Amino acid sequence: MKNVISLKEVEEMVRQGKDVANLPADVLLTPSARDYLRDLDSGVAKKPQVTAAAVPAKPAAAVASGDTYGSAATGLLHVPNMKYSSKTPKAELEAYFNSPEINLFKAQICDIGRRLWERGYVDGNGGNIAIKVGEDIAVCTPTLVSKGFMKTSDVCLVDFEGNQLAGTNKRTSEILMHLQMMKRQPRAVATVHCHPPHSTAFAVAQVEPPTCMIPEIEVMIGTVPVAEYQTPGTPEMGKLVADLVDKHNTVLMGNHGAVAWSHVNVEDAYFKMEILEAYCHTVVVAMQLGVPLKTFSPAHLKDLIRIKTTLGIPDSRVGLKECELCDNSEWRTGAVCDAPSKPAAGETGKLNPDAEKLVQAITEQILSKLK
């Protein structure tokens with residue numbers, strides 16, 4: 001699938017001084033991005049001012065305390081620097097870990113952690129965040145630290161096997177799940193895990209949220225599968241989630257919480273948590289109104305999936321028959337598809353012997369009369 005670049009992303013590339021005249025052949029521009037580049041080339045559009053880091057100045061209080069949450073430019077398109085990997089010499093990795101580039105990602109992690117905590121998506125020291133910053137390395141949240149009060153000095157650097165490469169605090173115990181997701185889904189540049197109450201209620205009930213009710217979740221997320229419960233922080237838990245990230249960008253973790261990955265940046269991964277929780281909350285409230293919940297048609301969902309594919313967001317329902325698209329049978333009585341069902345386990349799919357004998361007898365009588 002082609003990589004889609006939006007107007008916002010093109011403007012940010014120009015602001016950072018990147019060459020937008022020779023984009024790769026497999027890039028797909030949104031109409032507004034294409035128009036902007038055309039106007040830029042003709043001189044109609046003005047180039048935004050290029051700054052050293054394209055990062056807003058930190059508030060004085062944040063500078064004084066060393067706390068940078070809320071000051072990160074989280075809207076930037078994130079492209080990992082493949083120059084660095086777990087094989088990079090330790091001195092170079094340490095320098096990279098303390099560079100302005102990585103300090104920006106540290107600030108983003110603190111910013112997103114603060115938002116998770118303020119919204120009540122995490123409690124105690126729950127939840128974790130990771131950002132891919134090289135070929136097989138990532139920065140992540142520390143263990144036993146509230147996401148609402150992290151500082152950039154708390155952030156850790158790990159390789160894709162979970163080995164800590166830099167940082168004074170110990171890395172989160174659940175980083176293995178994030179790393180398995182990134183290994184399984186190469187497009188994943190950021191992951192966010194938390195415990196939003198209404199979404200987690202679906203995870204505890206092990207019920208997939210229904211579909212065909214609100215357009216936003218269909219475009220930005222799609223179906224949300226439930227991974228079977230395993231002990232948090234174990235490779236088994238990570239594998240169950242990683243097995244789903246090829247076709248889903250957001251997964252409910254049975255009896256635990258939710259996790260999302262993004263091909264854009266960490267803020268986009270966090271947005272998926274907001275969208276999922278708002279949706280699950282709405283469904284729970286709507287169920288209390290005493291009337292059957294209405295869904296829009298499969299044809300309408302097909303339109304939304306078409307929009308979604310142009311944005312480069314994967315969806316497991318691409319290619320399904322229209323009658324299968326709004327099937328919520330696990331949650332309520334859903335649409336019934338006319339497609340023939342598969343034989344149950346142990347069934348051969350053949351007619352029973354008596355029926356076969358009857359067909360044979362009738363066939364012989366017809367042939368005899370024809371002769």
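Bear in mind that the values here come from a model prediction, so they are computed numbers and not experimental data.

A. Local environment of the overall build of the protein. Scanning the protein from terminus to terminus reveals 12 helices and 10 strands. For the protein, buried positions account for 46% of its 371 residues. Total accessible area on the protein stands at roughly 19200 Å², and carbon and sulfur atoms take up 56% of it.

B. Just the state of the cysteines, in detail. Summed over the entire model, instances satisfying the criterion amount to one disulfide. Here Cys212 is linked by a disulfide to Cys326, with a sulfur-sulfur distance of 1.9 Å. Residues Cys212 and Cys326 are joined through a disulfide that is left-handed, its torsion about the S-S bond being -85°. Here Cys212 is found in the loop between α7 (197–205) and α8 (215–220), whereas its partner Cys326 is found in the loop between α11 (298–310) and α12 (353–370), with 114 residues between them in sequence.

C. Spatial organisation of the nonpolar core. Counting residues in hydrophobic clusters, the biggest one holds 45 residues, and the most contacted among them are Leu116, Val133, Val139, Val192 and Leu276. Of all the secondary structure elements, the ones that give two or more residues to this core are α4 (90–97), α5 (100–118), β3 (128–132), β4 (137–140), β7 (190–194), α7, β10 (257–262) and α10 (266–286). Per-element accounting of this core gives the leading share, nine residues, to α10. If we skip the residues at most four places from it in the chain, Leu276 touches Ser199, Ile217, Ile221, Val224, Thr250, Leu252 and Ala258.

D. Unusual backbone geometry, seen in detail. Unusually for a residue other than glycine, Cys212 sits at a positive phi of about 60°. A positive phi angle is found at Asn255, which is not glycine, with a value near 55°. Along the chain, Asn255 falls in the loop between β9 (250–253) and β10.

E. Structural detail: the environment of Ala25. Within the element layout of this structure, Ala25 appears in the loop between α1 (7–15) and β2 (27–29). Sequence separation of Ala25 and Asn3 is 22 residues, and the distance between their C-alpha atoms is 9.9 Å.

F. Up close: the environment of Ile217. Tracing the sequence through the fold places Ile217 in helix α8. Under the relative-accessibility criterion, Ile217 is labelled buried at 3%.

G. Quick peek at the sheet that holds β9. Taken together, eight strands build an open sheet; the order of strands is β6-β5-β4-β3-β7-β10-β9-β8 and the sheet is mixed. Here the strands that pair on one side only, and so sit at the sheet edges, are β6 (164–166) and β8 (226–227). One ladder, built from four bridges, connects β3 with β7; its direction is antiparallel. Pairing of Ile129 across the sheet is with Val192, part of β7. The strands that α10 touches are β3, β7, β9 and β10; relative to β10, the one it contacts most, it runs at about 140°.

H. How the structure looks around the pairing of β9. Residues Thr250 and Leu252 point to one face of β9 and Val251 and Met253 to the other, with burial holding for every one of them. Here β8 pairs with β9 via two bridges, running parallel. From the neighbouring strand, Val226 faces β9, where its bridge partner is Leu252. Each parallel crossover has a hand, and for β8 linked through helix α9 (residues 235–242) to β9 it is right-handed. Two strands pair when backbone bridges link them, and β9 and β10 are joined in this way by four bridges, in the antiparallel orientation. By the bridge assignment for β10, Met253 is matched with Gly257.

Calculation criteria
- Residues numbered from 1 in each chain as written.
- Predicted model: local features only at pLDDT ≥ 70, side-chain atom pairs only at ≥ 80, totals over all residues.
- Heavy atoms only, no water.
- Helix = DSSP H or I, 4+ residues; strand = E, 2+ residues; numbered from the N terminus.
- Buried < 20%, exposed > 50% of the residue type's maximum accessible area, 1.4 Å probe, protein only.
- Areas by Shrake-Rupley, 256 points an atom, 1.4 Å probe, with all protein chains shown as cover.
- Disulfide = S-S within 2.5 Å.
- Core = buried A, V, L, I, M, F, W, Y, C linked by side-chain atoms within 4.5 Å.
- Contact = heavy atoms within 4.5 Å.
- Pairing = 2+ DSSP bridges.
- Axes fitted to C-alpha atoms, helices over the stretch in contact; angles between N-to-C directions.
- Right-handed = clockwise from strand over helix to strand, strands pointing away.

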